[in-house]
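Read off the chains here:
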Amino acid sequence: MMKIYPQQIICKHCDSLYTRKSVRPGEAAYCPRCRAVLYRGSWLSLEQWFALTLTAALFFIIANVFPVLEIGFHGQSQAATLWQTAMALAHSYASPLAIPVALLMIVCPCLQILLLGWVLFHACRKKAAPGFASAMRLLAGLAPWSMAEVALLSILIAAIKLSGLVEITTGPGTWALLGLCLLLPVINHQDFQPLWTLKTLRGYRP
């Protein structure tokens, strides 16, 4: 039987153990030993957090359904979505990069949004989601691998380099990707402690 102690926090830098204390929104708690940031007070309620996660999901869908770039040349045009861009890479000389690119720019952000939405949906109903602990562990593992901003930067660089040769038009997918890049850090870097507290109220069964 595993117990959860949501009021305890370990410094990631020096492994010191502390008891959580309440902080105001925007304020931070620091480790007295190494001065690293332990956690920050959240500006968002669970409902607001969930609403932003749904907005990120909408941006993600738009970025993968609508074109991110449209290239025109001699009266002909070709548009591509984010997913089609990854597929085109699979059929080029850089095909070994297709799978990592698809994972980092599409699969990982998608999983993050789905898992966080699942957990927050149940949290807003004042209960822990089924598979809560597994979802939280997977979210923590995915955090360093979600790189939607790299996709946006790559698209902008390609557009700038090709603008002198062909006609480049940014599509709705580019703006949706920009919105996604702004929202993902917000929803993924909130304090998860209230969610773990909710889990302890229901007990824990590994």
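It should be emphasised that the depicted structure is a prediction, and the values quoted were computed from it without experimental measurement.

What counts, and where the lines are drawn
- Residues numbered from 1 in each chain as written.
- Predicted model: local features only at pLDDT ≥ 70, side-chain atom pairs only at ≥ 80, totals over all residues.
- Heavy atoms only, no water.
- Core = buried A, V, L, I, M, F, W, Y, C linked by side-chain atoms within 4.5 Å.
- Buried < 20%, exposed > 50% of the residue type's maximum accessible area, 1.4 Å probe, protein only.
- Helix = DSSP H or I, 4+ residues; strand = E, 2+ residues; numbered from the N terminus.
- Contact = heavy atoms within 4.5 Å.
- Pairing = 2+ DSSP bridges.
- Phe/Tyr/Trp six-rings, centres within 6.5 Å; stacked < 30°, edge-to-face > 60°.
- Patch = residues over 30% accessible without salt bridge, like charges linked within 9 Å, V, L, I, M, F, W, Y side chains within 5 Å.
- Areas by Shrake-Rupley, 256 points an atom, 1.4 Å probe, with all protein chains shown as cover.
- Salt bridge = Lys/Arg side-chain N within 4 Å of Asp/Glu carboxyl O.

(A) Layout of the nonpolar core. Judged by nonpolar contacts, the single largest core of 35 residues is most densely connected at W49, L116, M136, L177, L180, F192 and L195. Among the elements of the structure, α1 (46-65), α2 (82-90), α3 (98-123), α4 (132-142), α6 (172-188) and α7 (193-202) are those that each provide at least two residues to this core. Per-element accounting of this core gives the leading share, ten residues, to α3. Every residue in contact with L195, bar those within four places of it in the chain, is listed here: L46, W49, V119, L120, A123, F132 and M136. Among the nonpolar cores identified, the runner-up in size contains nine residues, and I9, A36, L38 and Y39 belong to it.

(B) Structural context of the side chain of S16. Here S16 lies in the loop between β1 (8-10) and β2 (17-19). With near-sequence residues (within four places) excluded, S16 lies in contact with I9, I10, C11 and R33.

(C) Inspection of the pairing of strand β4 (residues 37-40) at higher detail. Where strand β3 (residues 28-30) and β4 come together, three bridges link them in antiparallel fashion. Bridging from a neighbouring strand, A29 pairs with Y39 of β4. Counting the residues that bridge the hairpin from β3 to β4 gives six residues, and of these R35 lies at a positive phi of roughly 65°.

(D) Region of the structure containing the packing of aromatic side chains. The tally for this structure, following the rule as stated, stands at one aromatic pair. Their ring planes at 50° and their centres at 6.2 Å tell us that F50 and F121 sit as a pair that is tilted. A residue pair is termed long-range when its members are at least 10 positions apart, and F50 in helix α1 and F121 in helix α3 qualify at 71 residues. Residue classification places F121 among the partly exposed residues on the basis of a relative accessible area of 35%.

(E) Representation of a nonpolar patch on the surface in the model. A cluster of nonpolar side chains, namely I99, L103, V107 and L111, defines an oily patch on the protein surface of about 320 Å² accessible area. Assessed through its relative accessible area of 33%, L111 is described here as partly exposed.

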